[in-house]
Amino acid sequence: MEPMTPISCPTTPRWNQDRPFLTGRFHQETRASSRFDDSKRFTPESSSNSGVEQAIGCYDTPVQELIVIDDLLSAMVGIEGRYISIKRVHGKEESIAFQVDPSMDLALQASSTLELAKRIFPLCECFLLIDQFVESSSQFKNGLVNHAFAAALRALLLDYQAMVAQLEHQFRLGRLSLQGLWFYCQPMMGSMRALAAVIHQASAKHFVGSAVLNLLQSQAKAMAGDNSVRSLLEKMTECASNAYLSILERWVYEGIIDDPYGEFFIAENRSLKKESLSQDSTAKYWSQRYSLKETIPGFLANIAATILTTGKYLNVMRECGHNVQVPISERSKLTIFGSNHHYLECIKAAHEFASKELVSLIKDKYDLIGRLRSIKHYLLLDQGDFLVHFMDIARDELNKKVHEISVEKLQSLLDLALRTTAAAADPRHEDLTCCVDRASLLTTLGMHKDLDSNSIEDPVSITGLETFSLSYKGIRSMNSNGTAIRRSSLLCRSMLKFISSLLHYLTFEASRELSFSCVLEPNWHVMHDRLQSTKSVDEVIQHHDFFLDKCLRGCLLLLPDVLKKMEKLKSVCLQYAAATQWLISSSIDINSQSHSQKTMIRDATVTESIFNFEREFNSELQSLGPVLSKGSQAEPYLTHLSQWILGVSKE
């Protein structure tokens, strides 16, 4: 996966630190020591002389209980009381602890008063933790999900503080005892503890975005036995997900990622540009410009791939100058909770719309079928008369060494062949170009290392016939080598039969002579029929890739052993054609000798040469049988190819 672009976030205003009492930050201030450290323990003498608060033990027992209630109400909103202090415990994980003045009357310590106070302390600690999280998560760098979660917690804390104010009012009226305070605190204890547990884990692991939503959702499922706590966590998840779903809405409805803090589960690699496709059709733009991240919200995991393709479809249309969006009338606000899963239906509807629009665009405006048919004419030799004409007029140039060939001259000859044959009727014939590689087909496919040491190709000896190929603007090129073999003897006819049988197998429809289907034509019709009913670009790509895979296999390009044998047989045929030309020229040069001597020399030379070529050709042809037989176990069509091609040696 490509690295994400760093997200730049605004800094928190300075006044958030300079004025902590304005934002609640004073709850986070770390105190060096407790007011009840032994070194500063209050005594009646010191307090009377200094004018500070007396130790709680100086009061009567009933008064001490009232003081504890008053301080507990303050502690419940994160404020230290006169005799209840807040102490931070430092370690691997910083924690907060509350403690009561140890001078409390022993009778109260032995009674339930101190025990009830300690039971309420966890609630006070949860409030401080939640309040601290609200402050810290409101900073820009923590992302929209944490902002929304903090806003929901802030609203919850307002209700909590209102409840504490009501309890304090009852206390001022003399209607609240310590047991009553504990009674009112119990219902919210479970909810506050559950939220504190979520916050503690999210803070410790620095969760943002999808991770926060997954944490809330998992905690809600874990609280299935407590309906009130589960409902609260689900509500928090819903609130926290609103900002996330706003990003999702723009993606599935407009194809735009509006993700200022990098929280969305779809990553955008802006270094990949659509212009790269014009230079390299196999560029990674389509597959890697947008990709899924590892962390995906649980409620979207099963439909993440659909969400990805929906936005990609809309985005690619916009990149091509067609600003297509889901109509406003068909958009619905995405929400994730409730008895129904309406958001899933909305996403599927948006995906169907985007798929239909993109397929319609490439079929109607860009004429997908027409372009594929044009490619079939040229690269799959559906109409090969232009190639025959081209090979005739470009023979001399293609017989040159690779470094001596003029590509510009070949292109002009190709244009001439296209304009003077049936290909001129194709409006896209000008998109066909030619190129000359620096290596042969075997080297390009990486099979040259498997060749015998005696047959390793010499780059200097390679000619244009072995490296010439056709290409189509914007479309993957396919190699197509042609040869011209004279029909001069029985061996020549056998070689022509082999070449024509192989070519017929690869390109044309089955004729009466053939009992097996060919490769390109049937697969072309299968792809053509499937494209008529396709509903998405991904299906178009899938059908096209399937067509290419079937053709590559059927054309033996994915079977190195078979391909090497075919290349060897083709090489023998080419050598024989070259030798025939040499024999003709050498027989003409023998002028000084008598007629009988010339005849004898010529006949001996021709006979020996034909015998050598025939022996080599038949040997290679027979060795092809076991290779085809072995490959037919995995590729059944090789059985028919073997029956037809090997029949050449029996004629």
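In this text the structure is predicted, and so the values were computed from the model without any measurement.

Some remarks on the nonpolar core
Met-76, Phe-149, Leu-181, Leu-300, Ile-307 and Phe-390 are the most contacted members of the largest nonpolar core, which has 138 residues in total. Excluding residues that lie within four positions of it along the chain, Ile-307 makes contacts with Leu-248, Trp-251, Val-252, Phe-265, Ile-266, Leu-300 and Ile-347. Counting residues in each nonpolar core, the second largest holds 21 residues, with Leu-559, Val-562, Ala-579 and Leu-641 among its members.

Focus: the side chain of Glu-249
Tracing the backbone shows Glu-249 in helix α10 (residues 227–254). With sequence-adjacent residues up to four places away left out, Glu-249 is seen in contact with Glu-254, Ser-332, Lys-333 and Leu-334.

Some words on the packing of aromatic side chains
Scanning all chains against the criterion turns up 11 aromatic pairs. Taken together, a centroid distance of 6.4 Å and an interplanar angle of 75° make the contact between Trp-524 and Phe-547 edge-to-face. In this pair, Trp-524 is assigned in helix α22 (residues 520–532) and Phe-547 in helix α23 (residues 537–554), connecting sequence segments 23 residues apart. In this pair, the class of Trp-524 matches that of Phe-547, namely buried. Of the aromatic side chains, those joined through ring pairs into one cluster are Tyr-244, Phe-264 and Phe-265.

Quick notes on the confidence of the model for the chain
Across the chain, pLDDT averages 76, with 73% of residues at or above 70. Mean pLDDT across the elements of the chain ranges from a minimum in strand β7 (residues 475–479), with 36, to a maximum in helix α7 (residues 143–172), with 94. For the stretch residues 587–594, pLDDT sits under 50, and the model shows six contacts to residues farther than four places along the chain or on other chains.

Quick word on the layout of surface pockets
When its volume is computed, the second largest pocket comes out at roughly 760 Å³. Lining the second largest pocket are 26 residues; nearest its centre among them are Leu-129, Gln-132, Ile-199, His-200 and Ser-203. Broken down by secondary-structure element, the contributors of at least two residues to the lining of the second largest pocket are β2 (95–100), α6 (112–137) and α8 (178–204). No other element matches α6, which puts eight residues into the lining of the second largest pocket. In the lining of the second largest pocket, the residues fall into 12 nonpolar, nine polar and five charged.

A look at the pairing of β2
The side-chain alternation of β2 yields one buried face, formed by Ile-96, Phe-98 and Val-100, and one unburied face, formed by Ser-95, Ala-97 and Gln-99. Examined bridge by bridge, strand β1 (residues 84–89) and β2 share six bridges and lie antiparallel to one another. Note on β2: the bridge partner recorded for Ile-84 is Val-100.

Some thoughts on helix α9 (residues 210–222)
Side chains of residues three or four places apart in an α-helix project in the same direction, reflecting 3.6 residues per turn. The first and last C-alpha atoms of α9 sit 18 Å apart over 13 residues, in line with the 18 Å expected at 1.5 Å per residue. Every buried residue of α9 is listed here: Ser-210, Ala-211, Val-212, Leu-213, Leu-215, Leu-216, Gln-217, Gln-219 and Ala-220. In this structure, the buried residues of α9 make contact with α7, α8 and α10.

Quick look at unusual backbone geometry
Although it is not a glycine, His-206 sits at a positive phi angle of roughly 55°. Position of His-206 relative to the elements: it lies in the loop between α8 and α9. Located in the positive-phi region is Asp-367, a residue other than glycine, with phi close to 50°. Mapped onto the fold, Asp-367 is located in the loop between α14 (342–365) and α15 (368–379). According to the relative accessible area criterion, Asp-367 is partly exposed, its value standing at 29%.

Looking at the environment of Met-236
By secondary structure assignment, the location of Met-236 is in helix α10. For the pair Met-236 and Leu-213, spaced 23 residues apart in sequence, the C-alpha separation works out to 9.2 Å. Leave out the neighbours within four places in its chain, and Met-236 touches Phe-149, Ala-152, Leu-153, Leu-156, Leu-195 and Leu-216.

A few points about the environment of Ser-177
Structurally, the position occupied by Ser-177 is in the loop between α7 and α8. For Ser-177, a relative accessible area of 33% puts it in the partly exposed group. Residues Ser-177 and Ile-69, spaced 108 residues apart in sequence, show a C-alpha to C-alpha distance of 7.5 Å.

How each quantity is defined
- Residue positions within a chain follow its written sequence, with the count starting from 1.
- Two thresholds apply to this predicted model, a pLDDT of at least 70 for residue-level local features and 80 or more for giving and counting side-chain atom pairs, whereas whole-chain, interface and lining totals are computed over all residues.
- Water and hydrogen atoms were dropped before computing side-chain values, which therefore reflect all heavy atoms in the structure.
- Buried Ala, Val, Leu, Ile, Met, Phe, Trp, Tyr and Cys residues that are joined via side-chain atoms within 4.5 Å together make up what is termed a nonpolar core.
- The buried label goes to any residue with under 20% of its type's maximum accessible area, the exposed label to any with over 50%, and the partly exposed label to all in between, with areas taken from a 1.4 Å probe on protein chains only.
- Only heavy atoms enter the contact rule, under which two residues are in contact if any of them lie within 4.5 Å.
- Here a strand is any run of E in DSSP of at least two residues, a helix any run of H or I of at least four, and the numbering for each starts at the N terminus.
- Any two rings among Phe, Tyr and Trp, with Trp reduced to its six-membered ring, count as a pair given centres within 6.5 Å; such a pair is stacked if its planes are under 30 degrees apart, edge-to-face if over 60, and tilted if neither.
- The pLDDT score gives, residue by residue, the confidence of the prediction method on a 0 to 100 scale.
- Here a cavity means grid points, on a 1 Å grid over the protein atoms only, where a 1.4 Å probe fits yet cannot get out; a pocket means an open set of points with protein on both sides within 12 Å along at least five of seven lines; lining residues are those with an atom within 4 Å of a point.
- Grid points are joined across faces, edges and corners, and a volume is the space filled by probe spheres set on the points.
- For this classification, the nonpolar set comprises Ala, Val, Leu, Ile, Met, Phe, Trp, Tyr, Cys and Pro, the charged set comprises Asp, Glu, Lys and Arg, and every other residue, Gly included, is treated as polar.
- Pairing between strands is defined by DSSP: at least two bridges between them are needed.
- The span one expects for a helix is its residue count, reduced by one, times 1.5 Å.

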